[in-house]
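# Descriptive structure summary
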2 protein chains.
Amino acid sequence: MVIHYKEKSFFTSKDLALSVIGGRWKIAIIWCLLQQSPLRLSEIQKYLPDVNQRMLIRQLRELEEDQIITRVVYPVVPPKVEYQLSEIGLQLEPVVTSICDWGDHFRAFLDENTDKKSVE
Amino acid sequence: MVIHYKEKSFFTSKDLALSVIGGRWKIAIIWCLLQQSPLRLSEIQKYLPDVNQRMLIRQLRELEEDQIITRVVYPVVPPKVEYQLSEIGLQLEPVVTSICDWGDHFRAFLDENTDKKSVE
DNA sequence: GGAAATACTGACATTTTTGTCACTATAAAC
DNA sequence: GTTTATAGTGACAAAAATGTCAGTATTTCC
């Protein structure tokens, strides 16, 4: 987010990571590609119906530039393009998993701490 | 980021988590408080000199609202306020750790794949 | 000859996030 | 009585991210 690692060299590991995966939809995209791979653009759109196409493409481009995903174009008509995680991209699995896990914990925590009155 | 869980109920765990920890400086703040706790505002500022105070306070407020951190005010002059991670906040440790770890991997990856010409 | 499918791009508008500046309160120390 | 320290707030400006709309290319199908 904001300052990209290509413009700054004195980053902590955490800031470096966040500059790459911090985009609004990037974790979601990586999550999709961990579920199934490769995926075509139109398939990713089905997974993520809330993202508009323009935005999705932009985030995919950035991930490609950062070498997190690979993009393979098949010279056919109508066009076919496949996206998949690179080797370094696949290594993001623990990040995505820990985020999902914590989200589960947090949801349970919210459920516990909400509407206590209605129980009593 | 953007849509907060308080305004939307049909979130995936991942989106729920990201709506809470997705802010520009939140992982950094959580990282600080995992290193040392409690911390006063002025101490967090020393850890994170790039964040301006206004921004830092805003992110702290949001984390507090989301119950990730606790804020204890001591009624003294000059004021003293201590921040620390809540129980659910402490459980973010694997998230921060996996991000840092991946950042390390990614840096190594970048180092390997940069300036190959100068080596040959 | 026109529509359909896929994966885009460009220009621009809007929204969200982040940053800046000036300002507050309080009591103790000098 | 002025300065110092800490932890803020309010109003606003700037920057960044995201979204919208219209348009492109290609070939096959009808």
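The preceding data block contains the structure.
Residues numbered from 1 in each chain as written. Chains lettered and ligands numbered in written order. Predicted model: local features only at pLDDT ≥ 70, side-chain atom pairs only at ≥ 80, totals over all residues. Heavy atoms only, no water.

### So, the sheet that holds strand 1 (residues 39-40) of chain A
Residues and elements named next belong to chain A. Condition: We treat two strands as partners when DSSP finds at least two bridges between them. Under the DSSP-based scheme used, a helix requires at least four consecutive residues in state H or I and a strand at least two consecutive residues in state E, with every element numbered from the N terminus.
Taking strand neighbours across the sheet as the criterion, the 3 strands line up as 1-3-2 in an open arrangement whose pairing is antiparallel. Looking at which strands have only one partner, the edges of the open sheet turn out to be strand 1 and strand 2 (69-74). Here 2 bridges tie strand 1 to strand 3 (residues 80-85), and the two strands are oriented antiparallel to one another. Each bridged residue has a counterpart across the sheet, and for Leu-39 the counterpart in strand 3 is Tyr-83.

### As for the relation of the copies chain A and chain B
Applied cut-off: The copies were overlaid by least squares, fitting only the C-alpha atoms of residues that reach a pLDDT of 70 or more in each copy. By definition, residues are in contact when any of their heavy atoms lie within 4.5 Å.
Each copy of the sequence occupies a distinct position, and chain A is placed on chain B by a rotation of 180 degrees and an axial shift of 0.0 Å, giving an RMSD of 0.0 Å. These values place the two chain copies in the arrangement generated by a two-fold rotation axis. Taking C-alpha positions as the reference, the residue of chain A nearest the rotation axis is Val-95 of chain A, at 3.1 Å. A share of 100% of the interface residues of chain A reappears at the interface of chain B, consistent with the copies meeting face to face through the same patch.

### Considering the protein's contact with DNA strand D
Cut-off, in case you're wondering: We call a residue near a molecule or strand as soon as one heavy atom of that residue lies within 4 Å of the molecule or strand. Any pair of N or O atoms that falls within 3.5 Å is considered a polar contact. Within protein, one atom must be able to donate a hydrogen and the other to accept it, and sequence-neighbouring residues count only if both atoms are side-chain atoms. Each residue is assigned to one of three groups, with Ala, Val, Leu, Ile, Met, Phe, Trp, Tyr, Cys and Pro labelled nonpolar, Asp, Glu, Lys and Arg labelled charged, and all others, Gly among them, labelled polar.
Lining the immediate environment of DNA strand D, one finds 23 residues, of which Arg-24 and Arg-58 of chain A together with Arg-71, Pro-79 and Tyr-83 of chain B sit closest. For DNA strand D, the fraction of atoms within 4 Å of the protein that belong to sugar or phosphate moieties is 65%. One of the side-chain nitrogen or oxygen atoms of Arg-71 of chain B is found 2.5 Å away from a phosphate oxygen of DNA strand D. In the model, a phosphate oxygen of DNA strand D is placed 2.5 Å from a nitrogen or oxygen of the Tyr-83 of chain B side chain. Broken down by secondary-structure element, the contributors of at least two residues to the surface near DNA strand D are helix 4 (53-65) of chain A together with helix 3 (41-47), helix 4 (53-65) and strand 3 (80-85) of chain B. Grouping the constituent residues of the surface near DNA strand D by class yields 11 nonpolar, 4 polar and 8 charged.

### So, the environment of Tyr-5 of chain B
By the element assignment, Tyr-5 of chain B lies in the segment before helix 1 (13-21). Expressed as a C-alpha distance, the spacing of Tyr-5 of chain B and Leu-56 of chain B, which sit 51 residues apart in the sequence, is 21 Å.

### Examining the interface of chain A and chain B
Worth spelling out the cut-off: Two parts placed together each lose some accessible area under a 1.4 Å probe, and the buried area is that loss summed for both. Any Lys or Arg side-chain nitrogen located within 4 Å of an Asp or Glu carboxyl oxygen qualifies as a salt bridge.
In this assembly, 39 residues from chain A lie in contact with 39 residues from chain B. Between chain A and chain B, the buried area comes to about 3500 Å², and carbon and sulfur atoms account for 71% of it. It is Lys-14, Arg-24 and Trp-102 of chain A that lose the most area in chain A upon contact with chain B, and together they represent 20% of the buried surface on that side. On the surface where chain A and chain B come into contact, there are 0 salt bridges. The interface formed by chain A and chain B holds 5 residue pairs in polar contact (both at pLDDT 80 or more) in total. Going through the elements one at a time, helix 1 (13-21), helix 2 (26-35) and helix 6 (93-112) of chain A are the ones with two or more residues in the side of chain A that touches chain B. When residues in the side of chain A that touches chain B are grouped by element, the largest group, 13 residues, is from helix 6 of chain A. Residue classes in the side of chain A that touches chain B are distributed as 22 nonpolar, 10 polar and 7 charged.

### Observations regarding the packing of helix 2 (residues 26-35) of chain B against helix 6 (residues 93-112) of chain B
Residues and elements named next belong to chain B. Selection criterion: To obtain an axis, a line is fitted to C-alpha atoms, over the contacting stretch when the element is a helix, and the angle between two such axes runs from 0 to 180 degrees between their N-to-C directions. These descriptions rest on fixed angle ranges, namely under 35 degrees for roughly parallel, over 145 for roughly antiparallel, 65 to 115 for roughly perpendicular, and the rest for oblique.
Running from N to C, helix 2 and helix 6 cross one another at 110 degrees; their axes reach a closest spacing of 10 Å. Between helix 2 and helix 6, the angle falls in the class roughly perpendicular. Together, Ile-27, Ile-30, Trp-31 and Leu-34 of helix 2 and Glu-93, Val-95, Val-96, Ile-99 and Cys-100 of helix 6 make up the contact between the two elements. Of the residues contributing to the contact of helix 2 with helix 6, the split by class is 8 nonpolar, no polar and 1 charged.

### Details of helix 1 of chain A
Using the following cut-off: For the exposure calls, accessible area comes from a 1.4 Å probe over protein chains only, and a residue counts as buried if that area is under 20% of its type's maximum, exposed if over 50%, partly exposed in between.
In terms of burial, helix 1 of chain A is largely enclosed, as 8 of its 9 residues are buried. The elements touched by buried residues of helix 1 of chain A are helix 2, helix 4 and helix 6 of chain A together with helix 2 and helix 6 of chain B.

### A look at the packing of aromatic side chains
Under the convention used in this document: Think of it this way: a Phe, Tyr or Trp ring, Trp meaning its six-membered ring, pairs with another when their centres are within 6.5 Å, and the plane angle makes it stacked under 30 degrees, edge-to-face over 60, tilted otherwise.
Throughout the structure, instances matching the rule amount to 6 aromatic pairs over all chains. Relative to Phe-106 of chain B, the ring of Trp-102 of chain B has its centre 4.8 Å away and its plane inclined at 10 degrees; by these criteria the two rings are stacked. Of the two residues, Trp-102 of chain B and Phe-106 of chain B are both situated in helix 6; the distance of 4 residues between them amounts to about one turn of the helix. Seen in terms of ring centroids, Phe-106 of chain B and Phe-109 of chain B are 6.0 Å apart; in terms of plane orientation they differ by 20 degrees. Their pairing is stacked. With a gap of 3 residues between them, Phe-106 of chain B and Phe-109 of chain B both fall in helix 6, about one helical turn apart. Just as Phe-106 of chain B is buried, Phe-109 of chain B falls in that class too. These aromatic residues form a ring-pair network of at least three members: Trp-102, Phe-106 and Phe-109 of chain A.

In short, geometric facts, not functional conclusions.
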